[in-house]
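Coordinate analysis (summary)
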Amino acid sequence: MRAAQFDALVTAVDAESGSGGAEGADDAERAADATGSDGVAFEGLAVSRDADGGYRFETPDVTAAGLPEPELRTHAEGSPYVTNWYFWEREVGRRGSPRRAFLRRAEAADDRPVPERYDALREGLVTEWGQLRIEATLGADGARRYDLRHVDDAGRDVAELDSHDDPLDAREIAKLDGDGRYRPLKTAPSLRTGWAFPDLGPRAVLEAVEAFYPATVANWYREREGDLDVSHWRETAERQTGIYDVVDELPREAVEHVAEACCVDSQCLKRREWEYEAGDDLAADGGDGPFPCREPCSVVVAASRTWTKLEREAEREYTFTLTPSEKEQIEAVLEAVAEGRVGGIREADVAEGANRYRTRYLRAKRTDESGDLCGIPTERDDE
Amino acid sequence: MSQALVVVAHGSHLNPDSSAPTHEHADTVRATGAFDEVRTGFWKEEPNLREVLRTVDAEEVYVVPMFISEGYFTEQVIPRELRLEGWDVADWESDGLSADVATYAATDTGQTVHYCGPVGTHGSMTDVLVRRAESVTGDPDVGEGFGFAVVGHGTERNENSAKAIEYHAGRVRSMDRFDEVEALYMDEEPEVDDLPDHFGSEDVVLVPLFVADGFHTQEDIPEDVGLTDDYRTGYDVPAEVAGHRVWYAGAVGTEPLLADVLLERAADAGADVGDAVEDVRETTRVAAPEADD
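Residues numbered from 1 in each chain as written. Chains lettered and ligands numbered in written order. Predicted model: local features only at pLDDT ≥ 70, side-chain atom pairs only at ≥ 80, totals over all residues. Heavy atoms only, no water.

For chain B, an unreviewed UniProt entry supplies the name Sirohydrochlorin cobaltochelatase and the organism Halorarum salinum.

A separate point is the sheet that holds strand 4 (residues 63-67) of chain A. Residue and element names in this part refer to chain A. In space, the four strands of this open sheet follow the order 1-2-3-4, with antiparallel pairing throughout. The sheet terminates laterally at strand 1 (40-42) and strand 4, the two strands that pair on one side only. Taken pair by pair, the neighbouring strands of this sheet meet at an average axis angle of 10°, ignoring direction. Two strands pair when backbone bridges link them, and strand 3 (residues 55-58) and strand 4 are joined in this way by three bridges, in the antiparallel orientation. Of the residues in strand 4, the one forming a bridge with phenylalanine 57 is alanine 64. (Pairing = 2+ DSSP bridges. Helix = DSSP H or I, 4+ residues; strand = E, 2+ residues; numbered from the N terminus. Axes fitted to C-alpha atoms, helices over the stretch in contact; angles between N-to-C directions.)

Turning to a negative patch on the surface, a few remarks are in order. Among the surface-exposed residues, Asp88, Asp91, Glu93, Asp100 and Asp268 of chain B lie close enough to one another that they form a single negatively charged patch. Assignment of secondary structure puts aspartate 88 of chain B in the loop between helix 2 (72-82) and strand 4 (101-105). (Patch = residues over 30% accessible without salt bridge, like charges linked within 9 Å, V, L, I, M, F, W, Y side chains within 5 Å. Areas by Shrake-Rupley, 256 points an atom, 1.4 Å probe, with all protein chains shown as cover. Salt bridge = Lys/Arg side-chain N within 4 Å of Asp/Glu carboxyl O. Lys, Arg positive; Asp, Glu negative; His and termini not counted. Charge placed at Lys NZ, Arg CZ, Asp CG, Glu CD.)

Here we come to helix 9 (residues 216-224) of chain A. Residues and elements named next belong to chain A. Within helix 9, seven of the nine residues are buried, which leaves the element mostly enclosed by the surrounding structure. When helix 9 is considered as a whole, its buried residues turn out to be Thr216, Val217, Ala218, Asn219, Trp220, Tyr221 and Arg222. Looking at the buried side of helix 9, the elements it contacts are helix 5 (98-106), strand 5 (125-129), helix 8 (202-212) and strand 11 (291-293). Within two residues after helix 9, glycine 226 carries a phi angle of roughly 80°, on the positive side. (Buried < 20%, exposed > 50% of the residue type's maximum accessible area, 1.4 Å probe, protein only. Contact = heavy atoms within 4.5 Å.)

Listed by partner, the interface residues are 31 residues for chain A and 31 residues for chain B. Carbon and sulfur atoms make up 38% of the area that chain A and chain B hide from each other, which totals about 2,700 Å². Remark: the boundary between chain A and chain B carries 12 salt bridges. The salt bridge involving arginine 54 of chain B is made with aspartate 229 of chain A; its shortest N-O contact spans 2.7 Å. At the boundary of chain A and chain B, one finds 24 residue pairs in polar contact (both at pLDDT 80 or more). Among the secondary structure elements, those contributing two or more residues to the side of chain A that touches chain B are helix 7 (169-175), helix 8, helix 9 and helix 12 (298-311) of chain A. Looking at the side of chain A that touches chain B residue by residue, the class counts come to 11 nonpolar, seven polar and 13 charged. (Buried area = accessible area lost by both parts, 1.4 Å probe. Polar contact = N/O pair within 3.5 Å; in protein donor to acceptor, adjacent residues only side chain to side chain. Nonpolar A, V, L, I, M, F, W, Y, C, P; charged D, E, K, R; others polar.)

So this is what it looks like as structure tokens:
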């Protein structure tokens, strides 16, 4: 315990006598506070002033009253309850805020008492947030330190990883996937590996998490508190103007396809909470992602604009001649592209329908010089 | 009471560099310590405009749009997506150039949002244009013997776009620093293609009034002006075009001094920014070249 922590405790006891100090706390913290009426009361620690002017110091293990300040210091010295109080109330602060709740989640603070938690923190307490792995440890004087890295890098030595200390570096890491392609959707499950923020403080780890997964902490907290605001498809589509004004014309059936195409676990870590409209759920599964998705995102809206235009076309009949294997190959190409498997198909594996050589063979055989499948023009002359 | 700056910009689903200037200027303002929080929000990236306010703790939020002109985005999209209750463009009392601030409660969060005019129409943007000329020439005293061209997109979709170009060209002209100053456009007369016809000076600095470098500033303008036949092969700075040395500066929005405009917009709206404006002006200035002796 640093002198500043003890000074802060004494100041808080004197200032908060009579206030209770539990305003805005989460339920678990409120319960923890219920032991104290005056002075400082926090997670098993209760320090107050006695009527005679001495201090009263109480933890689950110790009760001492009538203490002059030097003796209060002796009791406070080495007490995890005191450094825990200092960390949460002076370093983190902001009771009732999403960010505080997130940090408490990182050490499962509402699930176990302080000494047990300190033991666990010394070993390292791990939580996950999408593809992020956050390991909370105990720093000096009860401060928390956080190691942030990709979940797939859990077992790697930090020396093997690109080490960062500026949380805003997360923006650059999140920008491109492992193949160097731009990730317009931050919650796509394509976060690259090979980096670490091995030693962040509480503010910095939040800053980095927010850069990797913007607004997820705020929305997780709202969901937890039961007040997540969901904007369903119709409301979101009708709100659009300009070039996106058209998306509200997308047929309901096509909105099902949108959800199935875009809003599944393989494409996004968010769990779709929006439906076609209130009381009219989509059949497509919302997925099991860790973050709630509260309205169609800008990627979905922009893609839906294209689909709205495509869906305006009337269907027509074409007659193609394909062998059964060629039909299956076209289906295999659709599947491989849609699932992002093209890059994993081996160069010479022509048994795979979506193999490049095999696809080139099909193109050579079945399309003409204009690229028309089986020589059949897309637009017929008689129309 | 704590105050936050939120910089809102378009962003892109396709171009990873589109949002880079917004992040850089936000970082510059963050480093001044003038705001308790500095955050960014985007139409096409995350956090989205719909959710950016909930990432901010402060009760007083100054929102500055990283847009060049008043128009569709500043008047419709941003206020709607930020859920500014009671938004009415008339509250800006703007002639298309003069939007400064209007204050609302955000229905999303209850925060007080001071919604500012875009960076592009602020008077100090003129200084950024001139600074861009200094950066591209490496000369903090550039002016004498030089022409200066401000390039805009043109009025195809938004008449205010040309107003902003004219406004800044007029202000640069009145500085009496460059020999000639012209406003040129991509899609209307006078066209940037005809740049040599509009300048007598051998040296001409060409500054596009765009927020970020993208295909207009990196592909269209260099080819239209004749800096290069094919943007993929790049171009020289300066490049020879019909007897002129053209110093092409790229998007003005990438100039570090633009952070100053964010601060000034917020300060005009009532934010306490302390000495941050002076700090940014000092830290982003172009150093004079070492004397060669």
